[in-house]
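Structural description and commentary
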Amino acid sequence: MDKQEITPKLVIQRIKEHKKLFAITVAVTFVLSCILILCVPRSYSSSIMLAPEINADPAGAIGSIAANFGIDLNNMQTNDAITPLLYPDLADDNKFICSLFTVRVKDVDGKIDCTYYDYLQKHQKQAWWTSVFTWFRNVLKSVMPKEKDFGASQGESTFDPYRLNREQDRIANAIRRSISIHTDKKTGVILVAAEAQDPLICKTIADSTCAHLQAFITDYRTSKARNDAEYYGKLTEEAKEEYEKARRRYVDYADSNMEPVLERYRSKRNDLENDMQLKYNNFTTLNTQLLAAKAKVQEKTPAFAVLEGAAVPQKASKPKRMVFVLMMCFLAFGACLLYTLREEVKQQLNL
């Protein structure tokens, strides 16, 4: 039998011959797709664009050229162990994620007012098939032997973000999926995005994630300067106490021997005065270093410029209901077309 080529004319002819099949299939697919996608809860997203303070490019024009190839010379030459390119990895750290547990969130309708942890645990909408799967999984868990939970018990007073129980770990993973941190390699701009089933809550979480990120960066960048300031603060307090003791000893001796006759009394008073002066010089030197260390903390504190603040979204980000329905209808139409042209397809494939 001669092979028959699949031409547009043939396709149109088969559609006309089986128009009832096409109409019923696409119509049923449309209805089922609408029912299916309407069961999926809608989610909203909000984002913040943040520009951290960076040092001037030491490489000048060379750095600009290297940036075009995705190479940041600033990050190569910086003394910081954590560069902006590593900020997205913070979303994998339990301590950073668990810091969002206690964030207070409120929904648009004012019906929800709780912590982010409670919101993810008690106020999440699910598709009906997800609820069925969860119920079935809980039934299996009740029948199967319980696995040991190596997380911290609920009765422990101190919370350890690196020892979570199963429920806490589930919530932490849900937060990881709902937030994202991205850094532009060329510009250094940080994009913080959050997703939630309520538009106001997603904005709140985006703001909170950004605030926690800024706090982490500030804490890291100023850690050495703050340690230096604390160290000089202790030395200054000790030097001040030593100076006060030396001053009191000198004053007490000078008051007791206002007109010394013997040379040994005068010599001792001079020794006490010199010791007091040395203690005072040491105190003033350390106090100067303390002020310099405090100024260094301020100098190391990074400034952040919000290029685009988080806004309450007016439209849901997903699911794309219209796109999903159209795609399913297109697939149904393609499947019908492939069915009506099955003989020609077999001939083309030499089957």
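Calculation rules
- Residues numbered from 1 in each chain as written.
- Predicted model: local features only at pLDDT ≥ 70, side-chain atom pairs only at ≥ 80, totals over all residues.
- Heavy atoms only, no water.
- Salt bridge = Lys/Arg side-chain N within 4 Å of Asp/Glu carboxyl O.
- Helix = DSSP H or I, 4+ residues; strand = E, 2+ residues; numbered from the N terminus.
- Buried < 20%, exposed > 50% of the residue type's maximum accessible area, 1.4 Å probe, protein only.
- Pairing = 2+ DSSP bridges.
- Axes fitted to C-alpha atoms, helices over the stretch in contact; angles between N-to-C directions.
- Contact = heavy atoms within 4.5 Å.
- Phe/Tyr/Trp six-rings, centres within 6.5 Å; stacked < 30°, edge-to-face > 60°.
- Lys NZ or Arg CZ within 6 Å of the ring centre and 35° of its normal.

Per the counting criterion, the structure on display carries 11 salt bridges. Among the salt bridges present, the one from K203 reaches D207, with a minimum N-O distance of 2.6 Å. Note that K203 and D207 are positioned in helix α9 (residues 199-221) at a spacing of four residues, about one turn of the helix. Residues K224 and D228 are paired through a salt bridge, measuring 3.2 Å at the closest nitrogen-oxygen approach. Here D228 and K224 lie together in helix α10 (residues 223-256), a separation of four residues that amounts to about one turn. Overall, the relative accessible area of 58% leaves K224 in the exposed class. Linked by salt bridges that have partners in common, R249, D275 and K279 make up one network.

This part is about the sheet that holds strand β6 (residues 304-308). Each strand in a sheet pairs with its neighbour through backbone hydrogen bonds, running either in the same direction (parallel) or in the opposite one (antiparallel). An order of β4-β5-β1-β6 is seen for the four strands of this open sheet, with the pairing classed as antiparallel. Of all strands in the sheet, those with a lone pairing partner are β4 (179-183) and β6, marking the two edges. Sheet twist, expressed as the average angle between the axes of neighbouring strands with direction ignored, equals 25°. Relative to β4, helix α8 (residues 166-178) is tilted by about 45°, and along the sheet it contacts β4 and β5 (190-196). Here α9 sits on the sheet in contact with β1 (44-52), β4, β5 and β6, set at roughly 145° to β5.

Moving on, we come to the packing of aromatic side chains. In the structure shown here, the tally under the stated rule is eight aromatic pairs. Look at Y243 and F283: their rings are 6.4 Å apart centre to centre, the planes differ by 5°, and that puts the pair in the stacked class. Placement of Y243 in helix α10 and of F283 in helix α11 (residues 263-300) is noted, with a sequence separation of 40 residues between them. Neither residue differs from the other here; Y243 and F283 are each classed as buried. A connected cluster of aromatic rings, assembled from ring pairs, spans F101, Y117 and F159. One cation-aromatic arrangement involves R342 over Y339; the distance from NZ or CZ to the ring centre is 4.3 Å.

Following K318, the chain continues to P319 via a peptide bond in cis, the omega torsion being 0°. Tracing the chain through its elements places P319 in the loop between β6 and α12 (321-340).

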